[in-house]
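Chain and residue survey
The residues making up each chain are set out below.
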Amino acid sequence: MLEIDCQLTKDGYVVVAHDNNLQRLTGQNIKISNTLLKDLPLIKAVLPVDFHPGREVQGSDRRIPLLRDVFQEFPSIPINIDIKEENDRLIKAVSDLVRENQREDITVWGNFRHTTVKKCQNEVSGSLWQKPL
């Protein structure tokens, strides 16, 4: 199972990123929610691995990934999605992508906030659901 975090761009695209602020990921102090998809900066060429001090990773594709691309790249892999903000547009957009990619039975998504989890549950029926902590 993959575990990912999602954010919503200013123009409504769901991207995979832990932080809304891109300082740590790109070196630029801007928010995903205030930025159009086409204007998102590239990920830093080298990133530290937080849980392994001294280790770094690099890759050739430095674009911030779209959730739809992750779904297409891993069509049969279960994914746990953390909705990072209680944002109705983000919840609806993730719900639409889950349905469009027929992932209702292999996608777990929610948030630590009970109110966000309830909104997620109201969007998609038949999915596996994450219970609030």
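Residues numbered from 1 in each chain as written. Predicted model: local features only at pLDDT ≥ 70, side-chain atom pairs only at ≥ 80, totals over all residues. Heavy atoms only, no water.

Turning our attention to the overall build of the protein. Secondary structure summary: the protein contains 4 helices and 7 strands in total. Moving toward the C terminus, one meets the helices and strands of the protein in the order β-β-α-β-β-α-β-α-β-α-β. For a compact globule of 133 residues, the expected C-alpha radius of gyration is about 14 Å, and the protein comes in at 15 Å, within 12% of that figure. Here the C-alpha coordinates of the protein stretch approximately 40 × 30 × 30 Å along the principal axes. Counting across all 133 residues of the protein, residues that qualify as buried make up 36%. Sequence-distant contacts in the protein: of pairs separated by 6 or more residues, those separated by 24 or more amount to 52%. In the structure as shown, the protein presents an accessible area of about 8100 Å², 50% of it carried by carbon and sulfur atoms. Across the protein, 18 positive and 19 negative side-chain charges occur, with their mean positions spaced 3 Å apart. (Helix = DSSP H or I, 4+ residues; strand = E, 2+ residues; numbered from the N terminus. Rg over C-alpha atoms; globule rule 2.2 N^0.38 Å. Buried < 20%, exposed > 50% of the residue type's maximum accessible area, 1.4 Å probe, protein only. Contact = heavy atoms within 4.5 Å. Areas by Shrake-Rupley, 256 points an atom, 1.4 Å probe, with all protein chains shown as cover. Lys, Arg positive; Asp, Glu negative; His and termini not counted. Charge placed at Lys NZ, Arg CZ, Asp CG, Glu CD.)

Another point: the confidence of the model for the protein. For the protein, per-residue confidence averages 88 on the pLDDT scale, and residues scoring 70 or more make up 92% of the total. Between the elements of the protein, mean pLDDT differs from a low of 44, seen in strand β7 (residues 128–129), to a high of 98, seen in strand β2 (residues 14–16). Confidence over residues 126–133 falls short of pLDDT 50; this stretch has 27 contacts with residues more than four positions distant or in other chains. (pLDDT = per-residue confidence, 0-100.)

This part is about the pairing of strand β5 (residues 79–83). The element β5 is extensively covered by neighbouring structure, given that 5 of its 5 residues are classed as buried. The alternating pattern of β5 places I79, I81 and I83 and N80 and D82 on opposite faces, both of which are buried. With 4 bridges connecting them, β5 and strand β6 (residues 107–110) associate as parallel partners. Note that in β6 the partner of I81 across the bridge is W109. Between the parallel elements β5 and β6, the chain passes through helix α3 (residues 88–100) in a crossover that is right-handed. (Pairing = 2+ DSSP bridges. Right-handed = clockwise from strand over helix to strand, strands pointing away.)

Given a rise of 1.5 Å per residue, 13 residues ought to cover 18 Å, and the 18 Å separating the end C-alpha atoms of α3 matches this to within 8%. Among all positions of α3, only L90, I91, A93, V94, S95, L97 and V98 are buried. Residues of α3 that are buried sit in contact with β1 (2–8), β2, α2 (67–73), β5, β6 and α4 (114–123). The N-cap residue of α3 is N87: its side-chain oxygen and the backbone nitrogen of R89 are 2.8 Å apart. (Expected span 1.5 Å × (residues − 1). Polar contact = N/O pair within 3.5 Å; in protein donor to acceptor, adjacent residues only side chain to side chain.)

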